[in-house]
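So the chains spell out like this:
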Amino acid sequence: MKKKLWMDHDGAIDDLLSQLLVLTMPDVDLIGLSITPADCFLEPALESAYKLLHLMDRTEVPMGRGESYGVNAFPDAWRARPECVNALPMLINLPSPPDPYQYPSAPDLMIDTLRASDTPVTVLMTGPCSNLTLALERAPDLVEKIDEVIWMAGAFRTQGNVLAFQHNGTAEWNVYWDPVSAQKLLTYGLPLVFVALDATNHVPVHKTFLQQLARQADHRLSNLAGQLWALTIDTIPSYHYTYFMWDMLATSYLALPQAFTTEAIRATISTRPPNAGQTRLDPNGVPATLVTDVDKALFYDYLLQQFRA
Ligand code: AGV
Ligand code: CA
């Protein structure tokens, strides 16, 4: 039986690539998609997400729009990237979505869709968790409808990637955007897998991979994926701005769990300066699973294989 999946992403380049990857997975049934306006502006990101559904013949997948805005905004230059995506040759002539304001609110759509499911649903989040936390606050019965939550978030035994005033650099962006929702999410006791910087630091988007992808560019998904990653190359030089396979790693966990090493942890999340959004190991914290490593060769090969579909 196919694994039912709800995906919530925040429209960055690797979020869109992750959506594409999900749509290549034969054993995954995407039953809903919501967009959080965190690492994206909402309207162009809804357009990108819709165009990718169109490209993969899946426009029947219901989409929800995130209406909650986090505490700590992402840089505008990152948020604007879906505008470039929508102008790519493979996407520019695809139909635009209906009026973005006609999309239902993400938490409401999530509640209706999960309640209507006869089997538990896996939730994949590649951005902040605000939509899921809002849905759970409005409908605590959803806990029974959720099989597992896979979340690209956190930095446990490594430094974070936020560089901001009032902050000491310990947090990862997806948690930092809305630390209060993240902390609340822990209280629901859901099976929660953190794909944190601890693991994603092992998988940068390196040029050798992009060269391999380019060699198979006669497959249209490889061509598109190569174009999408090329839009991130301006961020490469310094450590802080290396582009990693953040969301792609979390997404691959759905299909390749055997390639991942995990550890049972207990976690807490700070909600205040100077370490708002820091995820910490804490013996008195909430049980969760932390991905600590991945078989890198298997992972990169898997991406190349899926984009030959
Ligand atoms: O912290 C990683 C998260 C992932 O979900 N995002 C990017 C991925 O989608 C935030 C982020 C950190 N550094 C970035 C980010 C960068 N250099 N450009 C864009 N987004
Ligand atoms: Ca993201």
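Just so it is clear, the structure is predicted and the values come from calculations on it, not from any experiment.

J.: Describe helix α10 (residues 207-215), listing the residues and the values that go with them.
T.: Along α10, the residues that are buried comprise F209, L210 and L213. Angularly, the buried residues of α10 cover 95 degrees about the axis, an arc narrow enough to put them on a single face. Of the exposed residues in α10, the ones pointing more than 90 degrees away from its buried face are K207, A214 and R215. Those residues of α10 that are buried lie in contact with α11 (220-230) and α13 (296-306).

J.: Describe in detail the sheet that holds strand β5 (residues 146-152), supporting the description with residues and values.
T.: The strand order across the open sheet formed by nine strands is β3-β2-β1-β4-β5-β6-β9-β7-β8, and the pairing between neighbours is mixed. On the outer flanks of this sheet lie β3 (63-65) and β8 (279-281), each paired with one strand and no other. Between one strand axis and the next, the sheet turns through 30 degrees on average, direction left out of account. Alignment of strand β7 (residues 260-269) against strand β9 (residues 286-294), held across eight bridges, turns out to be antiparallel. If you follow T262 over to β9, its bridge partner there is V291.

J.: Break down the coordination of the calcium ion (ligand 2) for me, citing the residues and quoting the values.
T.: Coordination sphere of the calcium ion (ligand 2), protein contribution only: D10 (OD), D15 (OD), D15 (OD), T126 (O) and D247 (OD), at 2.2 to 2.6 Å. Read in sequence order, the donor residues coordinating the calcium ion (ligand 2) give the pattern D-x4-D-x110-T-x120-D. Of this pair, D10 sits in the loop between β1 (3-9) and α1 (13-23) while T126 sits in the loop between β4 (121-125) and α6 (130-138), placing them 116 residues apart in sequence. T126 shares its class with D10; the two are buried.

J.: An account of the nonpolar core is requested, with residue identities and associated values reported.
T.: Burial of nonpolar side chains together is a common tendency in soluble globular proteins. By size, the foremost hydrophobic cluster in this structure holds 71 residues, and its most contacted members are W229, M245 and F307. By residue number, the principal contributor to this core is helix α2 (residues 42-55), which donates eight residues. Beyond its immediate sequence surroundings of up to four residues, M245 is in contact with T200, V203, P204, V205, F209, W229, F299, Y300 and L303. If you look at the next biggest cluster of nonpolar residues, it comprises 33 residues, including V121, L136, A267 and I269.

J.: Just give me the short version of the site of ligand 1, but keep the residues and values in it.
T.: In the region of ligand 1, 15 residues are neighbours, and D14, D39, N161, E172 and D247 sit closest. Side-chain polar atom of D15 to an oxygen atom of ligand 1: 3.0 Å apart, as the coordinates give it. Within the side chain of N174, an N or O atom sits 3.0 Å from an oxygen atom of ligand 1. For the shell around ligand 1, the secondary structure elements donating two or more residues are α1, α7 (173-176) and α12 (246-252). For the shell around ligand 1, the per-class residue count stands at seven nonpolar, three polar and five charged.

J.: How would you explain the environment of T232 if you had to name every residue and give the values?
T.: Here T232 is to be found in the loop between α11 and α12. Excluding residues that lie within four positions of it along the chain, T232 makes contacts with I13, R81 and Y243. Here the side chain of T232 touches W229 through a polar contact of 2.7 Å, landing on its backbone oxygen.

J.: Provide a residue-level description of the packing of aromatic side chains, including the pertinent values.
T.: In the structure shown here, the tally under the stated rule is 13 aromatic pairs. When the centroid spacing of 5.9 Å and the interplanar angle of 35 degrees are considered together, the rings of W151 and F194 count as tilted. On the criterion of sequence distance, the pair formed by W151 in strand β5 and F194 in strand β6 (residues 192-195) is long-range, its members being 43 residues apart. This pair shows no difference in class: W151 is buried, exactly as F194 is.

J.: Lay out the pattern of salt bridges with the relevant residues and their values.
T.: A full pass over the atoms with the stated rule returns nine salt bridges. Measuring nitrogen to oxygen at the nearest pair gives 2.8 Å for the salt bridge that ties D141 to R115. One end of the pair, D141, is in the loop between α6 and β5; the other, R115, is in helix α5 (residues 106-116), with 26 residues separating them in the sequence. The exposure class assigned to R115 is partly exposed, which follows from its relative accessible area of 43%. Here the salt bridges share partners, and the residues they tie into one network are D29, R58 and E60.

J.: Which residues make up unusual backbone geometry, and what values go with them?
T.: Of all residues except glycine, most have a negative phi; of all peptide bonds, most are trans. Following P273, the chain continues to P274 via a peptide bond in cis, the omega torsion being 10 degrees. Looking at where P274 falls in the secondary structure, it is placed in the loop between β7 and β8. Of note in the backbone geometry, D57 takes a positive phi value of approximately 60 degrees without being a glycine. Residue placement: D57 occurs in the loop between α2 and β3.

J.: Would you mind going over the state of the cysteines in detail, with residue names and values included?
T.: Note on terminology: a disulfide is the covalent bond linking the sulfur atoms of two cysteines. Within this structure, the stated rule accounts for zero disulfides. This cysteine, C84, is not joined by any disulfide, and C40 carries the nearest cysteine sulfur, 13 Å off. Residue C84 is classed as partly exposed on the basis of its relative accessible area, which comes to 42%. Looking at the unpaired C129, the closest cysteine sulfur is the one in C40, lying at 15 Å.

The rules we used
Residues numbered from 1 in each chain as written. Chains lettered and ligands numbered in written order. Predicted model: local features only at pLDDT ≥ 70, side-chain atom pairs only at ≥ 80, totals over all residues. Heavy atoms only, no water. Buried < 20%, exposed > 50% of the residue type's maximum accessible area, 1.4 Å probe, protein only. Helix = DSSP H or I, 4+ residues; strand = E, 2+ residues; numbered from the N terminus. Arc of directions from axis to C-beta. Contact = heavy atoms within 4.5 Å. Pairing = 2+ DSSP bridges. Axes fitted to C-alpha atoms, helices over the stretch in contact; angles between N-to-C directions. Donors = N, O, S within 2.8 Å, 3.2 Å for Na, K, Ca; no water. Core = buried A, V, L, I, M, F, W, Y, C linked by side-chain atoms within 4.5 Å. Near = heavy atom within 4 Å. Polar contact = N/O pair within 3.5 Å; in protein donor to acceptor, adjacent residues only side chain to side chain. Nonpolar A, V, L, I, M, F, W, Y, C, P; charged D, E, K, R; others polar. Phe/Tyr/Trp six-rings, centres within 6.5 Å; stacked < 30°, edge-to-face > 60°. Salt bridge = Lys/Arg side-chain N within 4 Å of Asp/Glu carboxyl O. Disulfide = S-S within 2.5 Å.

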